[in-house]
Amino acid sequence: MVSNESSSNGLTEEQQNAAEHFRELIGGMDFPAAVEVLINHSWNLELENLATTGGGSSTPHPSKYSGLGRRRAETCGFTSPLSLHQDTWTATDSAPANRMSLLGRVEEPLDAEALVTRLKEIISHSSAAIQSARFERSEIQAAQRLRREQDQAYEQSLVLDRAKKMKKQREKEAAQEAEMREKVVQNRKLRLEKALEKRTQFWDRNMLEQPNQNDENVVKLSVKMPNGVCSTRLFNTNHSVKALYYFVRSRPNCPRNFKLQSNFPKRLIECVPANESDLEAYLSEDEDSGDRKSKDIASIVDSQFWLPGENDPPSFAVMELTKPEVIFVLDEDA
């Protein structure tokens with residue numbers, strides 16, 4: 001009997017009967033879905049074969065259309081339940097990486113023991129393929145692991161190279177700074193040596209002429225340098241003992257910093273002028289400025305310069321240096 005769902009659908013009576021028969025075989029498929037399946041197969045389905053399970057016919061198995069009936073029913077608003085076939089489809093996976101291969105198929109319903117036996121047979125029969133797939137997967141994983149290790153080693157080498165480069169750069173900069181400091185030190189040392197030479201020459205030129213040995217208030221003193229060289233000179237006992245200081249300054253072997261000590265009795269002679277210019281006063285960036293400084297100092301050296309001033313050391317007479325004796329020059333930097 002033709003279903004009411006087939007009214008006004010343009011089907012022949014034979015087609016309507018075939019659709020109804022197909023619905024009965026499938027078990028609950030709605031009529032429009034059954035018609036759609038039959039149309040897709042040009043109405044040439046061998047309907048009797050659809051009732052078999054896993055037969056040798058090339059006709060699609062009914063379970064193939066069970067889902068279609070459900071989806072079509074849901075789409076078209078049909079709510080009648082579908083009874084799905086209980087056929088069992090089982091496959092084993094031998095997937096290397098992200099591939100899947102079908103090793104066997106169980107279409108008929110089996111109990112648990114038979115299913116396990118069948119699966120063992122499939123695995124045994126496909127052991128070579130499984131081993132090959134596992135080996136291939138292990139090779140892929142090993143290659144991936146090796147690549148990761150190589151990438152990590154490369155990154156570590158880059159970090160080490162950057163660290164070495166930075167260390168080398170810092171060492172280079174430190175060496176350059178040390179070289180610059182050494183140049184500054186050496187340059188200053190040369191300038192100080194030159195200033196020391198200038199000061200020696202200046203006071204050698206500007207020392208007051210020696211008094212006559214037969215004059216009154218004259219004393220003869222010998223100055224012994226640290227290197228053993230002695231120099232002798234006559235001094236006016238009314239002059240400040242700073243004359244003795246500048247005389248020592250005028251000697252070629254004079255230390256940069258020194259003290260004077262009398263021989264008997266042994267005592268230090270305080271003879272440094274209060275307004276004495278340090279060696280720094282003789283430093284210059286160029287020769288002209290150095291000459292100007294020397295001229296400025298020379299402008300105050302006159303006959304009155306050697307007399308005891310307000311802040312100058314006392315006279316030779318006051319210091320009791322009125323008899324010939326040897327004065328020792330002590331190098332403070334030695």
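Residues numbered from 1 in each chain as written. Predicted model: local features only at pLDDT ≥ 70, side-chain atom pairs only at ≥ 80, totals over all residues. Heavy atoms only, no water.

Trainee: Teacher, can you tell me more about the overall build of the chain here?
Mentor: Regarding its fold elements, the chain presents 7 helices and 5 strands. The buried share among the 334 residues of the chain stands at 32%. When contacts within the chain are restricted to residue pairs at least 6 apart in sequence, those whose partners lie at least 24 apart make up 62%. On the chain, roughly 22000 Å² of surface is accessible, and the fraction owed to carbon and sulfur atoms is 50%. (Helix = DSSP H or I, 4+ residues; strand = E, 2+ residues; numbered from the N terminus. Buried < 20%, exposed > 50% of the residue type's maximum accessible area, 1.4 Å probe, protein only. Contact = heavy atoms within 4.5 Å. Areas by Shrake-Rupley, 256 points an atom, 1.4 Å probe, with all protein chains shown as cover.)

Trainee: Explain the UniProt feature "coiled-coil region" (unreviewed entry) in the chain to me, please; I cannot follow it from the model alone.
Mentor: With numbering aligned to this structure, UniProt lists the feature "coiled-coil region" (unreviewed entry) at residues 163-195. Between the C-alpha atoms that bound residues 163-195 the distance is 47 Å, and the span itself is 100% helix and 0% strand. (UniProt positions renumbered as here; feature names shortened; annotations may be inferred.)

Trainee: Help me out: how do you make sense of the pairing of strand E3 (residues 258-262) in this one?
Mentor: Note on strand geometry: in a regular strand, side chains alternate between the two faces of the sheet. Judged by how many residues are buried, E3 sits mostly within the fold: 4 of 5 residues are covered. Two elements, E3 and strand E5 (residues 325-331), share 5 bridges in a ladder whose sense is antiparallel. Among the inter-strand pairings, Gln261 is bridged to a residue of E5, identified as Phe328. Connecting the antiparallel pair E3 and strand E4 (residues 267-269) is a turn made up of 4 residues. (Pairing = 2+ DSSP bridges.)

Trainee: How do you make sense of empty space enclosed by the protein when you look at a structure like this?
Mentor: Where empty space is left in the structure can be found by rolling a water-sized probe over the atoms. With the rule as written, the count across this model stands at 1 cavity of 30 Å³ or more. Taken as a whole, the largest cavity spans an internal volume of roughly 70 Å³. Lining the largest cavity, in full, are Met207, Leu208, Glu209, Pro211, Arg233, Leu234, Phe235, Asn236, His239, Ala243 and Trp306. When residues of the lining of the largest cavity are assigned to their parent elements, the largest contribution, 4 residues, is made by strand E2 (residues 230-236). Its residues assigned to classes, the lining of the largest cavity shows 7 nonpolar, 2 polar and 2 charged. (1 Å grid on protein atoms, 1.4 Å probe; cavity = no way out; pocket = protein on both sides within 12 Å on 5 of 7 lines; lining within 4 Å. Points joined across faces, edges and corners; volume = space filled by probe spheres on them. Nonpolar A, V, L, I, M, F, W, Y, C, P; charged D, E, K, R; others polar.)

Trainee: What is the right way to read the pattern of salt bridges from this model?
Mentor: Side-chain pairs of opposite charge can arise where the charged atoms are in close proximity. Counted according to the given criterion, the structure contains 6 salt bridges. For Arg147, the salt bridge identified is with Asp151, shortest N-O distance 3.4 Å. Of this pair, Arg147 and Asp151 are both found in helix H5 (residues 127-206), 4 residues apart, which corresponds to roughly one turn of the helix. On the basis of relative accessible area, Asp151 is assigned to the partly exposed category, the value being 37%. (Salt bridge = Lys/Arg side-chain N within 4 Å of Asp/Glu carboxyl O.)

Trainee: What's the story with unusual backbone geometry in this structure? I'm lost.
Mentor: Leaving glycine out, the prevailing phi sign among residues is negative, and the prevailing peptide bond configuration is trans. Its identity is not glycine, yet Asn217 carries a phi of approximately 60°, on the positive side. For Asn217, the location among the structural elements is in the loop between H5 and strand E1 (218-224). The phi dihedral of Glu320 falls on the positive side, at around 60°, and the residue is not glycine. Structurally, Glu320 is set in the loop between helix H7 (287-298) and E5.

Trainee: Where do I start with the environment of Ala19 in this structure?
Mentor: Tracing the sequence through the fold places Ala19 in helix H1 (residues 13-26). Separated by 24 residues in the primary sequence, Ala19 and Trp43 have C-alpha atoms spaced 9.2 Å apart. Discounting chain neighbours no more than four positions away, the residues touching Ala19 are Phe31, Ala34, Val35 and Leu38.

Trainee: How should the sheet that holds E5 be read in this particular structure?
Mentor: In a beta sheet, neighbouring strands pair by backbone hydrogen bonds and run either parallel or antiparallel. Ordered in space as E2-E1-E5-E3-E4, the 5 strands form an open sheet in which the pairing is mixed. Of all the strands in the sheet, just E2 and E4 have a single pairing partner and so form its edges. Strand-to-strand twist in this sheet, taken as the mean axis angle between neighbours without regard to direction, amounts to 35°. Examined bridge by bridge, E1 and E5 share 4 bridges and lie parallel to one another. Bridge pairing in E5 places Lys224 opposite Phe328. Sheet strands touched by helix H6 (residues 242-249): E1, E2, E3 and E5. Its angle to E2, the strand with the most contacts, is close to 150°. (Axes fitted to C-alpha atoms, helices over the stretch in contact; angles between N-to-C directions.)

Trainee: Explain helix H2 (residues 31-40) to me, please; I cannot follow it from the model alone.
Mentor: Each turn of an α-helix holds 3.6 residues, which means side chains three or four residues apart point in the same direction. Taken together, the buried positions of H2 are occupied by Phe31, Ala33, Ala34, Val35, Val37 and Leu38. Directly beyond the C-terminal end of H2, a positive phi value near 55° is found at Ser42.

Trainee: I would appreciate a short explanation of the packing of aromatic side chains in the present structure.
Mentor: The geometry of two aromatic rings is summed up by the distance between their centres and the angle between their planes. Tallied over the entire structure, the rule returns 11 aromatic pairs. Ring geometry for Trp203 and Tyr246: centres 3.7 Å apart, planes at 25°, overall stacked. One end of the pair, Trp203, is in helix H5; the other, Tyr246, is in helix H6, and 43 residues separate them in sequence. The burial state of Trp203 is the same as that of Tyr246; both residues are buried. (Phe/Tyr/Trp six-rings, centres within 6.5 Å; stacked < 30°, edge-to-face > 60°.)

Trainee: What's the story with the environment of Arg251 in this structure? I'm lost.
Mentor: The residue Arg251 is located in the loop between H6 and E3 in this model. With 54 residues separating them along the chain, Arg251 and Glu197 place their C-alpha atoms 9.9 Å apart. Arg251 has contacts with Thr200, Asp204, Met225 and Ser231, leaving out every residue within four places of it along the chain. In terms of polar contacts, Arg251 uses its side chain to reach the side chain of Asp204, at 3.4 Å. Reaching out from Arg251, the side chain makes a polar contact with the side chain of Ser250 at a distance of 3.4 Å. (Polar contact = N/O pair within 3.5 Å; in protein donor to acceptor, adjacent residues only side chain to side chain.)

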